[in-house]
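Here are the chains, one letter per residue:
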Amino acid sequence: MKLAEISIKRPSLVIVLFTLLTLGGLLSYSMMGYELIPKIENNMVTISTIYPGASPSEVETSVTRKIEDAVGSLENVKKVESSSYESLSVIMVQLNDGADVDFALNDAQRKVNAILADLPDDVKAPSLNKFSLDDLPIITMSISSDKLNNKELYDLLDKKIEPIFSRVNGVAQVDLIGGQEREIQVNLDEKKLQGYGLSIGDVKQAILSSNLDFPTGSLKTRTTKSTIRLSGKYKSVEEMNNLVVSSKNGAQVRLSDIATVFDAQKDVEKVARFNQFPTILMQIKKQSDANAVAVSESVQKTIETVEKAYAAQGIKVKVVNDTTEFTLEAANHVIFDLFLAVILVAVVMLLFLHSIRNAFIVMISIPASLIAAFIGMYLMGYTLNLMSLLGLSLVVGILVDDAIVVLENIYRHMEMGKSKIRAAYDGAAEIGFTVAAITLVIVVVFLPIAMSTGLAANILAQFCVTVVIATLLSLLASFTIIPWLSSRFGKLQHLTGKNAFEKFILWFEKELDVFTHWITGILEWC
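For the structure given in this document, a descriptive report is provided here. Each chain has its residues counted from 1, running along the sequence as written. Where totals are concerned, whole chains, interfaces and linings use all residues; where local detail is concerned, this predicted model gives features only for residues with pLDDT of at least 70, and gives and counts side-chain atom pairs only at 80 or more. As a convention, hydrogens and water are excluded, and side-chain values are obtained from all of the structure's heavy atoms.

1. Here's the deal with the overall build of the protein chain
Then, number 1: Numbering of helices and strands starts at the N terminus; helices are DSSP runs of H or I of at least 4 residues and strands are runs of E of at least 2. The helix and strand inventory of the protein chain stands at 16 helices and 16 strands.
Then, number 2: Here the globule rule is a power law, 2.2 Å times the number of residues to the power 0.38, and the radius of gyration is based on C-alpha atoms. In summary, the protein chain has a C-alpha radius of gyration of 36 Å against a globular reference of 24 Å for 526 residues, an excess of more than 25%.
Then, number 3: Buried means the residue's accessible area, taken with a 1.4 Å probe over protein chains only, is under 20% of the maximum for its type, while exposed means over 50%, and partly exposed covers the values in between. Each of the 526 residues in the protein chain was classed as buried or not, and the buried ones make up 40%.
Then, number 4: Put simply, of all contacts in the protein chain between residues at least 6 apart along the chain, 75% involve residues at least 24 apart. Two residues qualify as a contact provided that any one of their heavy atoms is within 4.5 Å of a heavy atom in the partner residue.

What follows is the structure, encoded as structure tokens:
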């Protein structure tokens, strides 16, 4: 076989090749992210539209049907389902397997924008989203304070602490759950409104038109240029009470004359408790391409920074749930099993090959194939998750097959009296077709599964492709590393029982022969 001949005659090529593959594999491993399971693409686009105050029948007629007709002409649509509730319309567009969700989302947005003019004036802009597991929070924190009340704590979180976590590298969104959000309430007196000849719309328009903040121009001199800004935002409840709502017939009507203004809280819609005590929860969502473990570590450091910066306010942050802990623990267990499998393979090789040297030759090819497999996993965009790491664990037993078959045949040729260089070439050449057949059988079993579609393919694709990549690399190692090392370090081992190791191997061989004869007797009797 030409590849084995090149490896024996030009060992520097093999050394350079696998050095590059090993370094590239280690670099790829360091750049890969951690996830619990592979990314599962759900081919579903959801369109949510809010129509304040409308009944379900009005939402169905004025909003749902029009948007349904617009998105019904999308490509690769499998099914469209819609639901109309009070003040809300929800339309779910399910796409065919293999459809590009991002393209469908953009196409649906374009079609919805085209019919916005046909929707009622009070309708909010439709919100289009695609479901992804990345939308689920990776960290949930409980934030409390023994010096601030609920309203002050929520205001501090919303305006100062939440932006700090939003700036953490890899964080996509930060949500607050629970607490009492500040709200300025204006309670109108119906009789006073009628007495002054005003309507609710007049009061609303006056309040909104007076709560403005925008640039009005610039002031230039010979040396400087300044921006002029109209700052008309309300700063206190007293300012709102003094707001002039109407000045009909020269009589000014202030807001305090017709209403009572309260600095209150919004109605509670969500309640959060931690260990039975009321709290405010903060949920951290990561970007789709971010490393969940790295984001979690950055958030943990930010928690320490926030607690120190707001110690005067008595801010205490406790992590309620961190999904990356289970992810990292599961990945570490799989990696431990991977090393354990390699060690067990080494022990078995030592028992059957009778030589530490021969077992060492086999053990070099296994890590070389495994580490190089990370290059293919990284280039395919895979992550270190349960499925990809499980594929590596499973493939350890497969990787050793090629190396053992080649090494055993080389050993047989050495027993025939050939030199180790001649035996390495003849042994690899003789068994080359068989080893290739063994490897390709595994490839043709796993590769079609990876090329299938649907939910099963999303889960199993990384598992199957990882097995295929590592198996092909083991084939390369068995035709390069094994002949090269055998031609340089191969040695016939004659067991004489001169030391404890050889005595143990001889005892093992004796017991193995007894077991073999026992099985042979059973088969003959059968």
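2. Quick look at a nonpolar patch on the surface
Then, number 1: Patches draw on residues past 30% relative accessible area with no salt bridge. Two like charges within 9 Å are joined, as are two nonpolar side chains (Val, Leu, Ile, Met, Phe, Trp, Tyr) within 5 Å. Methods summary: accessible areas were calculated by the Shrake-Rupley approach with a probe of 1.4 Å, and residue burial reflects only the protein chains presented. Here a salt bridge means any side-chain nitrogen of Lys or Arg lying within 4 Å of a carboxyl oxygen belonging to Asp or Glu. A contiguous nonpolar patch, built from F515, W518, I519, I522 and L523 and spanning about 510 Å² of accessible area, is present on the exposed surface.
Then, number 2: Looking at the element boundaries, L523 is found in helix α16 (residues 500-525).
Then, number 3: A residue is classified by how much of its surface remains accessible, and L523, at 61% relative accessible area, is exposed.

3. Examining the side chain of S474
Then, number 1: Tracing the chain through its elements places S474 in helix α15 (residues 455-489).
Then, number 2: Classification of S474 as buried rests on a relative accessible area of 4%.
Then, number 3: Each polar contact in these results corresponds to two N or O atoms within 3.5 Å; when the atoms are within protein, one needs to be able to donate a hydrogen and the other to accept it, and residues that are neighboring in sequence are counted only if both atoms are side-chain atoms. Within the structure, the side chain of S474 is placed 3.0 Å from the side chain of D402, a separation counted as a polar contact.
Then, number 4: Engagement of the side chain of S474 in a polar contact is seen with the backbone oxygen of T471, the distance being 2.6 Å.
Then, number 5: Other than its neighbours up to four places away in sequence, S474 contacts S369, L399 and D402.

4. Section: the sheet that holds strand β6 (residues 171-177)
Then, number 1: Note: two strands are recorded as paired if DSSP finds a minimum of 2 bridges between them. One open sheet holds the 4 strands; their spatial order is β6-β15-β5-β16, and the pairing between them is antiparallel. Looking at the sheet topology across the chains shown, the edges are occupied by β6 and β16 (315-322). The mean inter-strand angle of the sheet, taken between neighbouring strand axes irrespective of direction, is 25°.
Then, number 2: Two elements, β6 and strand β15 (residues 280-286), share 6 bridges in a ladder whose sense is antiparallel. Angles shown run from 0 to 180 degrees and are taken between the N-to-C directions of axes, each axis being a line fitted to C-alpha atoms and, for helices, limited to the stretch in contact.

5. Focus: the side chain of S142
Then, number 1: Position of S142 relative to the elements: it lies in strand β5 (residues 139-145).
Then, number 2: With relative accessibility at 5%, the residue S142 sits in the buried group.
Then, number 3: Within the local environment of S142, its side chain forms a polar contact with the side chain of T279, the two groups lying 2.8 Å apart.
Then, number 4: The residues touching S142, leaving out its near neighbours within four places in the chain, are F274, T279, I280, L281, K316, V317, K318 and V320.

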